[in-house]
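Next come the chains, spelled out residue by residue.
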Amino acid sequence: MMTRREWCAALAAAQLPIEDYQPRSMLKVEEHPVPRARFPVIDVHTHLSFGPGLGKEGPPHHAAAPAEVLAVMDRKNIRMMVNLTGGCGRGLVETVTYWHTPHPDRFLVFTEPCYNRAAEPGYAKFQAEELERARRAGARGLKVTKVLGLYLREKITAGPLVKVDDPRFDPMWEAAGALRMPVAIHTSDPEAFFLPIDRYNERYEELHAHPDWSFYGRDFPPSRELYEARRRVMAKHPGTQFLLLHMGVAEDLAYMAETLDRHPNAWLEFGARIGELGRQPRAARRFFDRYQDRILFGTDAIPHGDDTPQQVFNDKLYEIYFRFLETEDEYFDYAPARTPPQGRWKISGLGLPGRILEKVYHRNAARLLHLG
Ligand SMILES: [Zn+2]
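Figured I'd write up the structure that's included with this text. Being a predicted model, the structure only gives us computed values, none of them experimental.

### Quick word on the environment of H45
Then, number 1: When you line up the elements, H45 lands in strand β1 (residues 41-46).
Then, number 2: Residue classification places H45 among the buried residues on the basis of 26 C-beta atoms within 10 Å.
Then, number 3: On a C-alpha basis, the gap between H45 and A65 in space is 18 Å, while along the polypeptide they are 20 residues apart.

Here is the structure:
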């Protein structure tokens, strides 16, 4: 017979690795599945195609065929998807032809800066004019990824980092305003990505699985400095509309309230951040009440993006977003995955009323995108 003391010692020695730990909640809570959005949806943050990557040339890669995506959209009541990563130049034309041209009322495409030319003399003027060409080619907005601030360097992939408010982009921001093309901009990343990958890091498992997502140390600026640079850009270009992706700083709603109050040309989208909002559902609900005219629906969805379950394009992902927005359900998964991929927490719904839901689902996006 084992004594109680021996039994405890044996248990402690077993050491369950954290990645094998899959606790099941014992709470008996109400569940209100939402298989279909209550109002038609415009998903303003999706990635249906990808360019070859910084410093590389080549044709775009399409993550799926339109028919496959349309089937999910029809089931979920998604009227339109905005494919943000449309690239530039020839790649943009190809992407518009693939998604938008055959289905102009279902897919919109944004263009991206031609970063590979950013070190050439005359780039500032070229990029502003390129935006005009992109508009003529069918692009409806400009997407700026975290490449600006965290990857783009003076010699594209080498040298010092180019700052978010580098003046060479000023003509581009101005052109976007003049062409009525909103700028969807992703700056920085979750706050925890700028901290050591240690026992105190709330996204330890995610960073452990993707160590290249860490921006801790080396020559990376602090996260807040990136956000402040973005605010300087918005202040300098008041005639340009900026859609701050991923809620801006989803961890800091007070900072975002101040940002929206100070910059009337700022809008928000919450793709891949319902894990942050749903952890503070009461504050988030008040925030949605107050800024209901400036928050847009987005998921950051990628067809076949199985590596990042919080953004994999499928029915289940949309059902989670709809449940988060429409119900007051408590303590449910924020991603269709066995283990929560961004951190071991669960979320609660906001239970938004119909008049706010309609705005978040499509009215605000229709306004920003100038849809009739
Ligand atoms: Zn994205």
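Back to the write-up after that little detour.
### Quick look at the nonpolar core
Then, number 1: In terms of nonpolar packing, the biggest core is built from 93 residues, with V183, L243 and L296 touching the most fellow members.
Then, number 2: If you tally residues by element for this core, the top one is helix α12 (residues 315-326), at 7 residues.
Then, number 3: In this structure V183 touches G141, L142, V144, W173, A176, T240, Q241, F242 and L243, once residues within four positions along its chain are discounted.
Then, number 4: The next biggest cluster of nonpolar side chains, apart from the first, holds 5 residues, and it includes A192, F193, L207 and F215.

### Some remarks on the packing of helix α4 (residues 123-137) against helix α6 (residues 170-178)
When two helices pack together, their arrangement is given by the angle between their axes and by how far apart the axes lie.
Then, number 1: Relative orientation of the contacting elements α4 and α6 amounts to 20°, with a least axis distance of 7 Å. Between α4 and α6, the angle is such that the two are roughly parallel. The two elements α4 and α6 meet at a crossing, and its hand is right-handed. Counted together, A124, K125, Q127, A128, L131 and E132 of α4 and D170, P171, M172, E174, A175 and A176 of α6 form the full contact between these two elements.
Then, number 2: Among the residues making up the contact of α4 with α6, the classes are represented as 7 nonpolar, 1 polar and 4 charged.

### Here's the deal with the sheet that holds strand β4 (residues 78-83)
Then, number 1: Reading across from one edge, β1-β4-β5 is the order of the 3 strands in this open sheet, with parallel pairing throughout. The open sheet has two free edges, formed respectively by β1 and β5 (107-109), since each of these has just one partner strand. The sheet shows a mean angle of 20° between the axes of neighbouring strands, direction not considered.
Then, number 2: Alignment of β4 against β5, held across 3 bridges, turns out to be parallel. The partner of N83 across the bridge, within β5, is V109.
Then, number 3: Packed onto the sheet, helix α13 (residues 354-368) meets β1 and β4 and runs at close to 70° relative to β1.

Basis of the calculations
Residues numbered from 1 in each chain as written. Predicted model: local features only at pLDDT ≥ 70, side-chain atom pairs only at ≥ 80, totals over all residues. Helix = DSSP H or I, 4+ residues; strand = E, 2+ residues; numbered from the N terminus. Buried ≥ 20, exposed ≤ 12 C-beta atoms within 10 Å, placed from the backbone. Core = buried A, V, L, I, M, F, W, Y, C linked by C-beta atoms within 7 Å. Contact = placed C-beta atoms within 7 Å. Axes fitted to C-alpha atoms, helices over the stretch in contact; angles between N-to-C directions. Parallel < 35°, antiparallel > 145°, perpendicular 65-115°, else oblique. Left-handed = near helix turned anticlockwise from the far one by under 90°. Nonpolar A, V, L, I, M, F, W, Y, C, P; charged D, E, K, R; others polar. Pairing = 2+ DSSP bridges.

Treat this as a map of the structure, not an account of what it does.
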